[in-house]
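Spelled out, the chains give:
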Amino acid sequence: MFHIWRTSTVRCKPAINCGYGHIRRILQIPPGRQYRTQLSMPVRCCSANVRTFDTMLSARRSEARRSILVQVSSERSYNELYHYCSQFGTIESSHHYRVEGDADGDCHYILLEFSSSAEADAAMQSGVFSTERPGVRARSIFLWFRTGPKPKLITQEEPKRPLALIDGTSAIGETELNSLLSSAESIDDQVTVLHRLTKLNDLGKRLRFLAVRQLESSLQGMFPQAVAHPFGSSVNGYGRMGCDLDVILDLDSRSGELPDRNSRLVYHTKSTNPNERTQVQRQLESIGDVLQLFLPGVNSVRRILKARVPIVKYHHEHLDLEIDLTMNNTAGVYMSELLYLFGQLDARVRPLTFCVRRWAQSVGLTNHTPGYWITNFSLTMLVMYFLQQLSCPVLPSINRLIQLSATFAPQHSSPPVTRFGEGESEWAYTFLKNPSIYGSFRSENESTLEQLLMEFFEFYSQFDFNQRAISLNLGTTILKPDHSPMYIVNPLETVLNVSKNVNLEETELFRMQVRNAVWLLEAHAKESGNTPSSEPWGLVSLFGPKQQQRITPQMFFTKRMLNVKDIFDEVPVDEPTQYRNATVKNQIAAIQRAAKAEIHKLSTGGPSRTGASVEARTNTTIEGTSVKLKRNTKRR
């Protein structure tokens, strides 16, 4: 079974030879319905009752507030842990995962969610500090379950709520994924299977909000209004298994509120540095010290303070998670909310984005380290713009959303008081904080995911990146403001280019790869018949091992017939030079003979001269060819 839908407490071996039964369960097809699931009638808009970005964040924070994380010897310790922790309250859910360890073995963890935060606090307060492990005593939600007295020889009743997941953070293997994709009925189903098996699952989201809670609770003693805002792929709906967590730390989230004029007591505060950037750097440096010295599970703290956006990066060993912490970067939260909104407006947006990003990774367009290549964020912007510019758009432009928000604005509504929304991001309140916007747009486009994927590749294979820039605000292209090879207007700060880092070579590589993708999808279509073909088809051919070799623009340029240095280098007898034809071979041989004769004349037969330099220019016609040698030599 697979980590996406595994619900049993019994560990099962993954099935490599997957059949249609596995695909039915992954696609959640009812037993009585025909298997073929072409999206001829897709879900084109979301319900008005769907969770908004703020309600989703609130629900995840509430889950983290009611949860604790316990390290155990293995998943077999769950029954004993369940009966012990049941004395503190009702356990609503439990999840198991494993972190690869060193020679001592892997580390196993169980996440317990109680029915209330008071019950979780009671379980945490019951913990004690170890006398065998010296260190800073810090009380937190990360605990370990030590060996207790042997249970009595009586049959212990089974827990009322079994483990929801076993090893729930392990990503699906490449071989297993390709086997499932090959067993699908159509490319439409392949895209859906890829999305559901590689997206960030429920346990992954819970663990990330546990990291957010730890960060907030560790600083709220000194800063009661400190709030950590997660953003990026962990919350926007486009995160995959194993993605990093991006967090913005706001030490005073209520600084915009007006003070109570009736109070005559005022807190003393520390004066800040007038240079805001320097102040942020010093605060992040101090917070990095607190993380490294006092917080359990935090290690490998790196301070990157000289970057354009200063950040602190660290690894959480209990959560097996990489975390990037920054301050005063409010645009990241609004961008996450905008992408979340796009994903909620149409059910095809996220699967298509996952497919494009997976394809870009397989062909070498993206890279984990920063550089001159295209990023996942830029790819997501390209997908969103493609869905906007269709003759029957799947997504509206941002300006259209602002107009719809004004039409569906709820009465007597006021935005929450917070630091977000000030300055250049103030326009975001016009539609992102309006719950009615989630049900205000309905797309009439009925294209399947297979059709949209093919149209995406065809669209950008013909796109004029030399002259045009992409604007999601307008839903159309504009003339490029500068000479950047790829220009995508930042929706929040329209004077910035999202893809400014992409150079000309990577832009040309992107165009070559989208053309190659069109050819692969057309050449490797699924054969007719109910039996799956042994040959790779659809997405398997698009992501296959042959695509791992990086294609560069130089591969498409005409190669030289011969390198210049080969004219004068001695060629080994056992490795003769290969020529295109006999004429080229004769010309090269004549050039070599003439060059050797001239060198010999200069070294032995020619008179030596001293004093002023004499410049001699001669034109030599090689016998049997029309090649003329022009030499400029200087002698002393």
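Position labels on residues start from 1 in each chain and follow its written sequence. Per-residue local features are limited, in this predicted model, to residues with pLDDT of at least 70; the limit for side-chain atom pairs, both in listing and counting, is 80 or more; totals at the level of whole chains, interfaces and linings are taken over all residues. The side-chain quantities take in all heavy atoms of the structure and omit both hydrogens and water.

Caption draft 1: Summary view of the overall build of the chain. In this text, helices come from DSSP runs of H or I with a minimum length of four residues, and strands from runs of E with a minimum of two, each type numbered from the N-terminal end. The number of helices and strands found in the chain is 17 helices and 13 strands. Counting every position in the chain, which comprises 636 residues, the buried fraction comes to 45%. The long-range fraction of contacts in the chain, counting pairs at least 24 apart against all pairs at least 6 apart in sequence, stands at 70%. Partly exposed residues are those whose accessible area sits between 20% and 50% of the maximum for their type, while under 20% is buried and over 50% is exposed, using a 1.4 Å probe and protein chains only. Contact criterion: two residues are considered in contact whenever any of their non-hydrogen atoms come within 4.5 Å of each other.

Caption draft 2: Examining the environment of Glu92 more closely. With respect to the helices, strands and loops of the structure, Glu92 is situated in strand β2 (residues 91–99). Linking Glu92 and Leu112, residues 20 residues apart in sequence, is a C-alpha distance of 7.7 Å. Look past the residues within four positions of Glu92 in its chain and what remains in contact with it is Glu113, Phe114, Ser115 and Arg161.

Caption draft 3: Broad picture of the confidence of the model for the chain. As a per-residue measure, pLDDT reflects the predictor's confidence and takes values from 0 up to 100. Averaged over the chain, the pLDDT score is 80; the fraction of residues at 70 or greater is 75%. Between the elements of the chain, mean pLDDT differs from a low of 42, seen in strand β13 (residues 628–635), to a high of 96, seen in helix α11 (residues 376–388). Predicted confidence is poor over residues 414–424, with pLDDT under 50, and the contacts of this stretch with residues over four places away or in other chains come to 21 contacts.

Caption draft 4: Examining the sheet that holds strand β7 (residues 298–304) more closely. Pairing in this open sheet of 5 strands is mixed, and the strands run β5-β6-β9-β8-β7 from one edge to the other. Whereas interior strands pair on both sides, the edge strands pair on one side only; in this sheet they are β5 (227–231) and β7. Each strand of the sheet is rotated relative to its neighbour by a mean of 25°, with strand direction disregarded. Note on pairing: DSSP must find at least two bridges between two strands before they are called paired. For strand β6 (residues 245–250) and strand β9 (residues 321–327), the ladder comprises 5 bridges, and the chain directions are parallel. Looking across to β9, one finds that Val247 is bridged to Leu325. Convention adopted: a line fitted to C-alpha atoms gives each axis, helices being fitted over their contacting stretch, and angles between N-to-C directions are expressed from 0 to 180 degrees.

Caption draft 5: A look at the packing of helix α10 (residues 349–362) against helix α13 (residues 449–461). One can describe the packing of α10 onto α13 by two numbers: an axis separation of 10 Å at closest approach and a directional angle of 45°. Comparing the axis directions of α10 and α13 gives the class oblique. Seen along the crossing, α10 lies across α13 with a hand that is right-handed. Judged by residue contacts, Pro351, Leu352, Cys355, Val356 and Trp359 of α10 engage Leu449, Leu452, Leu453, Phe456 and Phe457 from α13. Of the residues assigned to the contact of α10 with α13, the class counts are 10 nonpolar, no polar and no charged. Roughly parallel means an angle under 35 degrees; roughly antiparallel, over 145; roughly perpendicular, 65 to 115; everything else is oblique. The handedness criterion is simple: a crossing whose near helix is rotated anticlockwise from the far helix by less than a right angle is left-handed, and one whose near helix is rotated clockwise is right-handed. Gly is placed with the polar residues, together with every amino acid not listed as nonpolar (Ala, Val, Leu, Ile, Met, Phe, Trp, Tyr, Cys and Pro) or charged (Asp, Glu, Lys and Arg).

Caption draft 6: Summary view of the sheet that holds strand β4 (residues 142–144). Judged by pairing direction, the sheet is mixed, and its 4 strands sit side by side in the order β2-β3-β1-β4 without closing on themselves. Each edge of the open sheet carries a strand with a single partner, namely β2 and β4. Sheet twist, expressed as the mean angle between neighbouring strand axes with direction ignored, is 25°. One ladder, built from 8 bridges, connects β2 with strand β3 (residues 107–114); its direction is antiparallel. Along β3, the bridge assignment pairs Val99 with Cys107. Strand contacts of helix α7 (residues 202–219): β1 (67–72), β2, β3 and β4, with the helix running at about 95° to β2, the strand carrying the most contacts.

Caption draft 7: A look at the pattern of salt bridges. By definition, a salt bridge exists where a carboxyl oxygen of Asp or Glu is found within 4 Å of a side-chain nitrogen of Lys or Arg. Per the stated rule, a full pass over the model turns up 21 salt bridges. Among the salt bridges present, the one from Arg161 reaches Glu92, with a minimum N-O distance of 3.6 Å. One end of the pair, Arg161, is in the loop between β4 and α5 (174–182); the other, Glu92, is in strand β2, with 69 residues separating them in the sequence. Judged by its relative accessible area of 37%, Arg161 is partly exposed. On the accessibility criterion, Glu92 (32% relative accessible area) is partly exposed. Close ionic contact of Arg206 with Glu113 constitutes a salt bridge, the shortest N to O distance being 2.8 Å. With Arg206 in helix α7 and Glu113 in strand β3, the pair connects residues that are 93 residues apart, well separated along the chain. Judged by its relative accessible area of 7%, Glu113 falls in the buried class. Through salt bridges that share partners, Arg60, Glu63, Arg66, Glu113, Asp202 and Arg206 make up one connected network.

Caption draft 8: Fine view of a nonpolar patch on the surface. Like-charged residues are merged into a patch within 9 Å and nonpolar side chains (Val, Leu, Ile, Met, Phe, Trp, Tyr) within 5 Å, provided each residue has over 30% relative accessible area and no salt bridge. Using a 1.4 Å probe, accessible areas were evaluated by the Shrake-Rupley method; residue-level cover was limited to the displayed protein chains. A surface patch of nonpolar side chains, amounting to about 310 Å² of accessible area, comprises Val136, Leu293 and Phe294. Considering the arrangement of structural elements, one finds Phe294 in helix α8 (residues 276–294). Classification of Phe294 by relative accessible area gives partly exposed; the value is 43%.

Caption draft 9: Focus on the nonpolar core. Here, nonpolar core refers to any group of buried Ala, Val, Leu, Ile, Met, Phe, Trp, Tyr and Cys residues whose side-chain atoms link them within 4.5 Å. Membership of the largest hydrophobic core comes to 119 residues, with the highest contact counts inside it found for Phe342, Trp359 and Tyr460. The dominant element in this core, judged by the number of residues it contributes, is helix α9 (residues 331–345), at 9 residues. Other than its neighbours up to four places away in sequence, Tyr460 contacts Leu382, Tyr385, Phe386, Phe465, Ile470, Phe510, Arg511 and Val514. Val72, Tyr78, Cys85 and Leu112 belong to the second largest nonpolar core, which has 16 residues in total.

Caption draft 10: Geometry of the packing of aromatic side chains. Aromatic pairing here means that ring centres of Phe, Tyr or Trp (its six-membered ring) are within 6.5 Å. Orientation follows from the plane angle: under 30 degrees is stacked, over 60 is edge-to-face, and everything else is tilted. Considering all chains together, one arrives at 20 aromatic pairs under this definition. Geometrically, the ring pair formed by Tyr84 and Phe88 is edge-to-face, given 5.9 Å between the ring centres and 75° between the ring planes. Assessed through its relative accessible area of 18%, Phe88 is described here as buried. Grouped by ring-pair contacts, the aromatic residues Trp359, Tyr385, Phe386, Phe456, Phe457, Phe459, Tyr460, Phe463, Phe465 and Phe510 constitute a single cluster.

Caption draft 11: Structural view of the side chain of Ser233. Checked against the element boundaries, Ser233 lands in the loop between β5 and β6. Setting aside chain neighbours within four positions, we find Ser233 in contact with Tyr238, Gly239, Cys243 and Asp244.

Caption draft 12: Highlighting empty space enclosed by the protein. Whether a set of points on the 1 Å grid over the protein atoms alone is a cavity depends on a 1.4 Å probe fitting there but being unable to get out, while an open set qualifies as a pocket with protein on both sides within 12 Å along at least five of seven lines; lining residues are those with an atom within 4 Å of a point. Grid points are joined across faces, edges and corners, and a volume is the space filled by probe spheres set on the points. Per the stated rule, a full pass over the model turns up 1 cavity of 30 Å³ or more. As for the largest cavity, its lining consists of Arg60, Glu63, Ala64, Ser67, Arg206, Phe209 and Leu210. Contributions of two or more residues to the lining of the largest cavity are made by α2 (53–65) and α7. Within the lining of the largest cavity, the residues separate by chemical class into 3 nonpolar, 1 polar and 3 charged.

Caption draft 13: Inspection of the pairing of β1 at higher detail. Within β1, 5 of the 6 residues are buried, leaving the element largely enclosed by the surrounding structure. Pairing geometry for β1 and β3, over 6 bridges, is antiparallel. From the neighbouring strand, Val72 faces β3, where its bridge partner is His108. Both β1 and β4 contribute to a ladder of 3 bridges, which runs parallel. What sits directly across from Val70, in β4, is Leu143.

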